[in-house]
Every structure is written in structure tokens, then in C-alpha cells.
Amino acid sequence: MSEPKQMAQQPASRGRHRDPMVTKLWELQDKLKSTGATDEIQKTSDDALDLFFKREHYCEDHTSPASPELQQINQMTLIHPWDDLHEQGKTILNLRPGMMSGFLEGQFLQFLVSMSNAKRVLELGMYTGYSALACAEALPDDGEVITCELDPYLETLVKEYFYKSVHGRKISIRIGPALETINKLADDKQSFDIIFLDANKDQYWEYYQVIMDRGLLAPRGTIVVDNALFQGQVYCETKDKMGEGMKAFNENLSRDTRVKTVLVPIRDGVRLIRRIEDMLAKGQAD
Ligand SMILES: C[S@@+](CC[C@H](N)C(=O)[O-])C[C@H]1O[C@@H](n2cnc3c(N)ncnc32)[C@H](O)[C@@H]1O
């Protein structure tokens, strides 16, 4: 029997979905009910909403299962008492389960790491370690993931889960503001084949400049930017500093003539970036 997969759940509460289209369809459903629209019209709006979740489930159902260790991190993240911890002053930020990349994006990251024959991965923004462990699982035995995280609470929490995996020893955690950490890594002349940006959206452009200008991206390396769609704020109205930061990052990046980029609409949007010369066939760059 195949291993159970981590299916996307229909959200229990209908606040704001990361895809603004879903939020709008929820609003429409409520309006149709309250204005007494015919059953047929209400059903059509229910069906439209179902199509979104069906597509998400279909993608998950046709993706290889996550390892048991990743599934454990996923479960722990969903039930951890984040609000209480923040109220008690144990976490710096108000951390939420929705911050985790999760199953589909985790598997996608594993493909990128494996396809690029990466040996060294740098992550900005570890949270509960889902993406760090996903990358570590796809690395060779002598591979390494350095993951930067602001919140010391997470280091203690996550280490226990990394120990449970044979791949956990490939991961080292650096606590502190990611911008400081990556500058130190650049001082030490370190470079990485895959760099996953998933920390403070407001600082993405600063992270990117350090990565590109201080040699952190190895030759033929790839930058993977999470939340490139940022809950639709980049193509609708921006609602907060994070949305503004993400939108500015996307626009600045599109003007950078050194690189090629593609924005993939997986989860909250993933933008891939490579130097132009690394995208050309061998010999073309000369
Ligand atoms: C979206 S979560 C990362 C999710 C994780 N990569 C995953 O896939 O499960 C963002 C993380 O970045 C951390 N963070 C926020 N600002 C930061 C900063 N300035 N430096 C380092 N980490 C930061 C937060 O504490 C949080 O854990």
C-alpha cells in the first residue's frame, strides 16, 4: 500500500485565502445566499470554488509522497500552539502554520536540488524546517544546507525533528537577522548552488543584492524566491509592507539585465532566477 500523502485541506475557517480569487468566491457565495439567489446560481458558484480545491488535490495526489520525517514536521507545525507562545513572549514574530512551504512546494524544491546536482543550499527563513529538510533529503551525503532564522525558539524546536532524519546532519542553523548572516557568509567566501529566499519579504531586494554582488551564488547556481505572488498583492492592491516589498522586488528584478527569471504559480508563487550566461548552451556565452 502506498504511503498516505499530505492532502491540501479545505480551510476550516474562511478568512483570507492566499489566492485572492478564492477569497472573492467565498464572498460571492455569501452574497448569493444572503440575496436569495436561485439554487442553480448558488450551485454554480459552489462548483467554481470546488474546482480550485480539486485542482490542488489532484496535483498533490499525483506527486510522490513526502518522507515520514517531513510529514511529522507538517503535523507538528499545524498543531503547535503558536498564538500562546507569541502571547507569552516566547517567539519574536507571530508565527503561523501558513508560513510553511509544505508538501507540493517541498517536493518541487527537491526536484530543483536534484536536477541541478546541487551540493550546497542556502535558505533564508527556516520556520519549522520543512523546506530545509526537503532540500537536505535531495542532497548527496556530503551536501550541506545552511538555513538562516531570526527566531531562537525555532532552533530548539526544529533540532529534535532534524535529529530524527538521517539527512538532518546535513543542515546547520544560523540564528540572527538573515541579512547579517548572509553578509558573514560572503565575508567567509562561501557560495551556494541553490539559494531559497523565504525570510522577511520586505528585505528581499537587499538579500538579492548581497547574493548577486558578494559572490554567494555559485557559477550555474539558481535563486528560488518564495511568495512571489504574495497573496495576490503584487498584481492587485498592496495591503502591507510585505506586499509592497514583494512587489518592489519583482519589479526591480524584472529590470535586472544580468539574469533570466520565470515566475511559477505554485502555491503563493515561486520565482526562479539564473544568470543569463548560465542559461545559454555551452559555447554560446563565449
Ligand atoms: C515563511 S517562513 C519560512 C518557511 C520555511 N522556509 C518553510 O518552507 O517551511 C519565514 C521565516 O523567516 C523568519 N524571518 C523573518 N524575518 C527574518 C529575518 N530578518 N531574518 C531571518 N529570518 C527571518 C521567520 O521567523 C519565519 O520563521
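Residues numbered from 1 in each chain as written. Predicted model: local features only at pLDDT ≥ 70, side-chain atom pairs only at ≥ 80, totals over all residues. Heavy atoms only, no water.

The name recorded for the protein chain in an unreviewed UniProt entry is Caffeoyl-CoA O-methyltransferase, from Potamilus streckersoni. In UniProt, the protein chain has this text filed under Sequence similarities (unreviewed entry): "Belongs to the class I-like SAM-binding methyltransferase superfamily. Cation-dependent O-methyltransferase family." (UniProt positions renumbered as here; feature names shortened; annotations may be inferred.)

Draft legend 1. Representation of the side chain of Thr147 in the model. Its location among the elements puts Thr147 in strand E2 (residues 144–149). Leave out the neighbours within four places in its chain, and Thr147 touches Glu123, Gly125, Met126, Ala132, Ile171, Ser172, Ile173 and Arg174. (Helix = DSSP H or I, 4+ residues; strand = E, 2+ residues; numbered from the N terminus. Contact = heavy atoms within 4.5 Å.)

Draft legend 2. Quick peek at the site of the ligand. Neighbouring residues of the ligand: 23 residues in total, closest Ser101, Gly125, Ser131, Glu149 and Asp198. At a separation of 2.8 Å, an oxygen atom of the ligand approaches a polar side-chain atom of Ser131. The separation between an oxygen atom of the ligand and a polar side-chain atom of Glu149 is 2.5 Å. Relative to its unbound accessible surface of 600 Å², the ligand loses 94% to contact with the protein. Its residues placed into classes, the shell around the ligand shows 14 nonpolar, six polar and three charged. (Near = heavy atom within 4 Å. Polar contact = N/O pair within 3.5 Å; in protein donor to acceptor, adjacent residues only side chain to side chain. Areas by Shrake-Rupley, 256 points an atom, 1.4 Å probe, with all protein chains shown as cover. Nonpolar A, V, L, I, M, F, W, Y, C, P; charged D, E, K, R; others polar.)

Draft legend 3. Structural context of the environment of Val225. Inspection of the secondary structure puts Val225 in strand E5 (residues 217–226). You can call Val225 buried: its relative accessible area is 0%. Val225 sits 95 residues away from Tyr130 along the chain, and the two C-alpha atoms are 16 Å apart. Here Val225 is in contact with Leu197, Tyr204, Met246, Phe249, Gly269, Val270, Arg271 and Ile273, once residues within four sequence places are set aside. (Buried < 20%, exposed > 50% of the residue type's maximum accessible area, 1.4 Å probe, protein only.)

Draft legend 4. Quick peek at the packing of helix H3 (residues 68–79) against helix H6 (residues 130–138). Remark: H3 packs on H6, axes separated minimally by 10 Å, with the N-to-C direction vectors making an angle of 175°. Judged by the inter-axis angle, H3 sits roughly antiparallel to H6. Contact with H3, carried on its side by Glu69, Leu70, Ile73 and Asn74, involves Tyr130, Leu133, Ala134 and Glu137 of H6 and no other residues of that element. (Axes fitted to C-alpha atoms, helices over the stretch in contact; angles between N-to-C directions. Parallel < 35°, antiparallel > 145°, perpendicular 65-115°, else oblique.)

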